[in-house]
Amino acid sequence: MRVISGLYKHRRFDIPKSFKARPTTDFAKENLFNVLTSNYLDFEEGISALDLFAGTGSISLELLSRGCDKVVSIEKDFQHYRFIRAVMEEIGTDKNFLIRGDAFQYISHCKEQFDLIFADPPYELKGLETLPDLILQNKLLKENGIFVLEHGKSNDFTLHRLFLNHRSYGSVNFSFFQASPVLTKEEK
């Protein structure tokens, strides 16, 4: 697992072979962050982020590397949780808040709002299609906040009422949603 840009650029972390999680590919991750920084977010403006189904912690690490003030990472699997904790200890950050728990339960009980929420559930996860509505109904996004859902090609969210954008990089698909009408950086 490699950090693409920012403070921890080029740092590598070896993922145990026993992991069930598949990290977002470097190509897809780089393009995701290009879209986010070009169109929606300035990571140097005190961004808070939530990484649901954190898996290897790759996205959380990238968010921290790019300057997020706070990243909450939710991971249910104990082995993955331990790996993420070890990586965060190795880089010496106090900006990551790692929680071992179920992402759906976290969504239903969370009272905090975030500028960016990223979710990378297993592509065959039962209930994956409900995530955009759960995030938005529970008001987890700040005004102009962005929710990005990574999913397989069998999911199509283009008709969702708050759908914003879709990007595809090989087998990796990202659907973007908005909490309210989103202004690009140029419109702000």
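Residues numbered from 1 in each chain as written. Predicted model: local features only at pLDDT ≥ 70, side-chain atom pairs only at ≥ 80, totals over all residues. Heavy atoms only, no water.

**Student:** Outline the overall build of the chain, supporting the account with residue identities and numerical values.
**Tutor:** Secondary structure assignment for the chain yields 5 helices and 7 strands. Overall, the chain shows an N-to-C arrangement of helices and strands of α-β-α-β-α-β-α-β-α-β-β-β. With the principal axes as the frame, the chain shows a C-alpha extent of 40 × 35 × 35 Å. Long-range contacts, defined here as pairs at least 24 residues apart, represent 70% of the contacts in the chain between residues at least 6 apart. Accessible area for the chain stands at about 9,400 Å²; split by element, carbon and sulfur atoms hold 48% of it. Taking the average location of the 24 positive side-chain charges in the chain and that of its 26 negative ones, the two points are 4 Å from each other. (Helix = DSSP H or I, 4+ residues; strand = E, 2+ residues; numbered from the N terminus. Contact = heavy atoms within 4.5 Å. Areas by Shrake-Rupley, 256 points an atom, 1.4 Å probe, with all protein chains shown as cover. Lys, Arg positive; Asp, Glu negative; His and termini not counted. Charge placed at Lys NZ, Arg CZ, Asp CG, Glu CD.)

**Student:** Tell me about unusual backbone geometry, residues and numbers included.
**Tutor:** In this structure, His-10 is a non-glycine residue whose phi angle is positive, near 75°. Topologically, His-10 is positioned in the segment before helix 1 (26-39). Unusually for a residue other than glycine, Lys-139 sits at a positive phi of about 55°. One can find Lys-139 in the loop between helix 5 (131-137) and strand 5 (141-151). The class of Lys-139 is exposed, set by a relative accessible area of 58%. (Buried < 20%, exposed > 50% of the residue type's maximum accessible area, 1.4 Å probe, protein only.)

**Student:** Which residues make up the packing of aromatic side chains, and what values do they have?
**Tutor:** If you walk through the whole model with that rule in mind, you get 11 aromatic pairs. Judged by centre distance (6.1 Å) and plane angle (55°), the ring pair of Tyr-169 and Phe-174 falls under tilted. We classify Tyr-169 as buried; its relative accessible area is 13%. An aromatic cluster of at least three residues, connected via ring pairs, comprises Phe-27, Phe-118, Tyr-169 and Phe-174. The ring of Phe-97 carries the charged tip of Lys-70 above its face, separated from the ring centre by 5.1 Å. (Phe/Tyr/Trp six-rings, centres within 6.5 Å; stacked < 30°, edge-to-face > 60°. Lys NZ or Arg CZ within 6 Å of the ring centre and 35° of its normal.)

**Student:** A description of helix 1 should follow, citing residues and the corresponding values.
**Tutor:** At 3.6 residues per turn, the α-helix brings residues three or four places apart onto the same side. Taking 1.5 Å as the rise per residue, helix 1 with 14 residues should run 20 Å; its terminal C-alpha atoms sit 20 Å apart, in good agreement. Ala-28, Lys-29, Asn-31, Leu-32, Phe-33, Val-35 and Leu-36 are the residues of helix 1 that are buried. Packed against the buried residues of helix 1 are helix 2 (58-65), strand 4 (114-119), strand 5, strand 6 (163-169) and strand 7 (172-178). (Expected span 1.5 Å × (residues − 1).)

Worth remembering: the numbers are spatial, not functional.
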